[in-house]
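# Secondary and tertiary structure notes
Residue-level listing of the chains:
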Amino acid sequence: MKVQIDQARCQGHGRCYDLAPEVFGEDEEGYGTVLGDGLVPPDGADDARRAVVNCPERAIDLLEGT
Ligand code: F3S
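As a starting point, this report considers the structure included with it. Just so we're clear, the structure is a prediction, and the values are computed from it rather than from any experiment. (Residues numbered from 1 in each chain as written. Predicted model: local features only at pLDDT ≥ 70, side-chain atom pairs only at ≥ 80, totals over all residues. Heavy atoms only, no water.)

Moving on, we get to the site of the ligand. Taken together, C10, Q11, G12, H13, G14, R15, C16, G32, C55, E57 and I60 are the residues near the ligand. Among the residues making up the shell around the ligand, the classes are represented as four nonpolar, five polar and two charged. (Near = heavy atom within 4 Å. Nonpolar A, V, L, I, M, F, W, Y, C, P; charged D, E, K, R; others polar.)

Laid out in structure tokens, this is it:
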């Protein structure tokens, strides 16, 4: 499973890196970033899904099966 953030949609709400800090980080302006190449560790899948549904801008794409 992999995640990516659509930077054009992200408004910096910060829920992604609050809910799944093992998957997301923040840049110096508070916008979300993916850590590394966005690959979700096996025990981070639930947190990653939670982040996806809680992003108010729907800016996070989840790529299952990757
Ligand atoms: Fe951006 Fe959504 Fe995270 S707006 S900072 S991707 S919760």
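So, about helix α2 (residues 45-54). Residues of α2 that are buried include every one of A45, D47, A48, A51 and V52, and no others. Projected down its long axis, α2 shows its buried positions confined to an angular sector of 165°, all on one face. Exposed and facing more than 90 degrees away from the buried side of α2 are D46 and V53. Looking at the buried residues of α2, the elements they touch are β1 (2-5), α1 (15-19), β2 (24-26) and β4 (60-63). (Buried < 20%, exposed > 50% of the residue type's maximum accessible area, 1.4 Å probe, protein only. Helix = DSSP H or I, 4+ residues; strand = E, 2+ residues; numbered from the N terminus. Arc of directions from axis to C-beta. Contact = heavy atoms within 4.5 Å.)

So, about the pattern of salt bridges. Using the criterion set out here, one finds three salt bridges in the structure. Between R49 and D46 there is a salt bridge, with the nearest N and O atoms lying 3.8 Å from each other. Residue R49 and its partner D46 are both found in helix α2; the two are separated by three residues, about one turn of the helix. Taking relative accessible area as the criterion, R49 reaches 36% and is therefore assigned partly exposed. Residue classification places D46 among the exposed residues on the basis of a relative accessible area of 53%. When the shortest N-O distance is used, the salt bridge between R50 and D47 registers 2.8 Å. One end of the pair is R50 and the other is D47, both in helix α2 and three residues apart, which spans about a single turn. By relative accessible area, which is 19% here, D47 ends up buried. In the salt-bridge network here, residues are joined through shared partners; they are D46, R49 and E64. (Salt bridge = Lys/Arg side-chain N within 4 Å of Asp/Glu carboxyl O.)

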